[in-house]
Each structure stands twice: as structure tokens, then as C-alpha cells.
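A structural walkthrough
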Amino acid sequence: MGQTTRQQGEAMTATLEDVRQFWTNNLNGMKFLENFPESADQFWAASAFRYKYHVHLPRLFDRIAAAHPGARLLEIGCGMGDDTAQWAKRGIQVTAIDLTEPAVACTKERLRLCGLEATVQQGNAEALAFADGSFDLVYSFGVLHHSPDTPRTIDEVWRVLKPGGRALIMLYNRKSLNYVVHRLLHYPFDGSREDPCPVEHTYTQEQIRRMFRKFKSCAIEVDYLFGTGYGAVNDLIPKGLHQYLGRRIGWHLMIEAVR
Ligand SMILES: C[S@@+](CC[C@H](N)C(=O)[O-])C[C@H]1O[C@@H](n2cnc3c(N)ncnc32)[C@H](O)[C@@H]1O
């Protein structure tokens, strides 16, 4: 259904173990940091860099936390735990999972240093270890398109949500400027030419609506013109223009679906 960078002439043979190996060696966000954070201040500073570019995220955290105080939220693919800490800080009861051990260890350490509470454990989005209807909210940012069987992960999100529960998911947008740039440069979306991310599906809004067809409703917004990796180019573009273009040809499809 989606497209991966390996589709250019190569069979899509990447397995979940390939994905685990890649993200074990490439803890997301570390490439933008000189050293591994060792204090709460250093973790918050790393987050400040993230939200300087991901400006749509704090808006989402505020809106959802205000509308669902104390909700039970499952985060799938917590990475370094930036967003886990943001949900926990806003009083949400978070259970966070990730495929890799370094991500779980890093998220636990961040929460400990920052004095925040959440349950963090290893887990696989394609086979969630939770009973049907366990959560009010499921949040997953930039994760499910990296799993070999993305449609299966969406079915799992549906299953663990309570009836009326809400999925908040970001998937990569095929109809975006970032997609075109990376394809022209023959550069993977994550990783490098030498060490490309093994699974990088991208989607159109039509494909997403099909994957979310079991949900009662599915709203999609486009945001985020460039990836963080564009560095100074990001800062050269006036904020208003950035937002205008981001809303049309941005890289993030922000999905909000009600079960
Ligand atoms: C691009 S990172 C995003 C991390 C975090 N959400 C963020 O925005 O910084 C992708 C993460 O998804 C995790 N991941 C990939 N496939 C997964 C799966 N099937 N189940 C759980 N986590 C998975 C990886 O281990 C990695 O930490």
C-alpha cells in the first residue's frame, strides 16, 4: 500500500528484525545532539530544539490534554521519550512502548531525571500486548510507517482503543516537498545512504482513509514543510510562508481518528 525507499528496483524484504536493528543503532534525535543528555535540563534542551521545528506538537498536546484530562494514553514508538514527557507533564496517564531496548532505557531515564511518571516497556506495534479497549487515546508520531506491515499496526490501534477513543497518528506524506527532494537526491528519509532506514512507507490521504476505514471518523491535516535535517534552510524561510507551505505540501500527515 505504501512506498518505501527500497522499492526502487529492490524487493521489499525488510523484516521487523531489520527495523529493530536500525533503530537500535540510530536512537531517533541523537544525531542532532553532541552528547547523550545526562540531566533533566539537557533533556528539556533537546526537546526545545525538537519543538522549535515541530511547532504543531505542543499545540496538539495542549488541546488533547485539556479535552481529555487524566486520560489513559498509549504511545507507540517513544524513541528518546520527548513526547512521552510532554504527555506525562500534562497529567496524562501514559504507557509508552518502543521496539528497541535503547529507546525504552532512554525514555525511562528521561522520566526519572525529570520527575515524571509513565509505564515504559518494549513492544511491537504489529502485535500490541494490551487487551481490547484498554486506552482512551493512542498516540504515535513518525513510527507506524517504519513498521513492515503498517495496515496491521492501524488495526492494532483500533483494537486497543475504547469505543469512542481517539487515535493521534503521524504518517509521512507522499504528496510533499520533502518526498520530492529526497527522491531527486536518492536519499533515504531517515538514516543515510550508507545506513538507510530499512522501512519508510509514505502515504497519500486516500490510502490513509482506506487504512482507517474501521474508524468512525478520520480527519487529516498536513503540516511541517521540512525535516529537522534541513537546518539553516528552515530558518531562512519566513514563519508565515513556512506555515502556509507546510499546510499544503508538508511532510506530516496528522491523523485524528475516532474509534
Ligand atoms: C523515527 S523514530 C520516532 C520516535 C519518536 N516517536 C519521535 O518522534 O522522536 C521511530 C521509532 O519507532 C520505533 N518503531 C519502529 N517500528 C516499531 C514497531 N513495530 N513497534 C514499536 N516501535 C517501533 C523505532 O524503534 C523508533 O524508536
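Please refer to the structure higher up on the page.
Presented here is a report on the structure given in the accompanying data block. (Residues numbered from 1 in each chain as written. Predicted model: local features only at pLDDT ≥ 70, side-chain atom pairs only at ≥ 80, totals over all residues. Heavy atoms only, no water.)

Moving on to the pattern of salt bridges. Two side chains that carry opposite charge are able to pair once their charged atoms sit near each other. Evaluation of the coordinates by the stated rule reveals 13 salt bridges. Between Arg63 and Glu256 there is a salt bridge; the shortest N-O distance is 2.6 Å. A residue pair is termed long-range when its members are at least 10 positions apart, and Arg63 in helix H3 (residues 56–67) and Glu256 in strand E7 (residues 252–258) qualify at 193 residues. Among the residues examined, Glu256 registers a relative accessible area of 16% and is labelled buried. Among the ionic pairs, Asp132 bridges to Arg159, the shortest N-O distance being 2.8 Å. Pair noted here: Asp132 is in the loop between strand E3 (119–122) and strand E4 (135–141) and Arg159 is in helix H6 (residues 150–160), with a separation of 27 residues, a long-range link. A relative accessible area of 57% means that Asp132 is categorised as exposed. Connected through shared salt-bridge partners, Arg59, Asp223 and Arg247 make up one network. (Salt bridge = Lys/Arg side-chain N within 4 Å of Asp/Glu carboxyl O. Helix = DSSP H or I, 4+ residues; strand = E, 2+ residues; numbered from the N terminus. Buried < 20%, exposed > 50% of the residue type's maximum accessible area, 1.4 Å probe, protein only.)

Taken residue by residue, helix H7 (residues 177–185) has Asn178, Tyr179, His182 and Arg183 as its buried positions. All buried residues of H7 lie within an arc of 125 degrees about the axis, which places them on one face of the element. In the segment just after H7, His186 is the residue with positive phi, at about 50 degrees. (Arc of directions from axis to C-beta.)

Right, let's talk about the site of the ligand for a bit. If you check the shell around the ligand, you find 19 residues, and the closest are Asn28, Arg50, Gly77, Asp98 and Ser147. The separation between a nitrogen atom of the ligand and a polar main-chain atom of Gly77 is 2.7 Å. Contacts to the ligand include Ser147, whose side-chain N or O atom sits 2.8 Å from a nitrogen atom. Here the ligand has 590 Å² of accessible area as a free molecule, and 97% of this is covered by the chains. With three residues, the top contributor of residues to the shell around the ligand is helix H1 (residues 16–25). Here the residues of the shell around the ligand are counted per class, giving eight nonpolar, nine polar and two charged. (Near = heavy atom within 4 Å. Polar contact = N/O pair within 3.5 Å; in protein donor to acceptor, adjacent residues only side chain to side chain. Areas by Shrake-Rupley, 256 points an atom, 1.4 Å probe, with all protein chains shown as cover. Nonpolar A, V, L, I, M, F, W, Y, C, P; charged D, E, K, R; others polar.)

A word on the pairing of strand E2 (residues 93–98). Of all six residues making up E2, five are buried, and the element is well covered by its neighbours. One ladder, built from five bridges, connects strand E1 (residues 72–76) with E2; its direction is parallel. By the bridge assignment for E2, Arg72 is matched with Gln93. In terms of handedness, the path from E1 via helix H4 (residues 82–89) over to E2 forms a crossover that is right-handed. Chirality of the crossover, the property in question, places the unit of E2, helix H5 (residues 101–114) and E3 among those that are right-handed. (Pairing = 2+ DSSP bridges. Right-handed = clockwise from strand over helix to strand, strands pointing away.)

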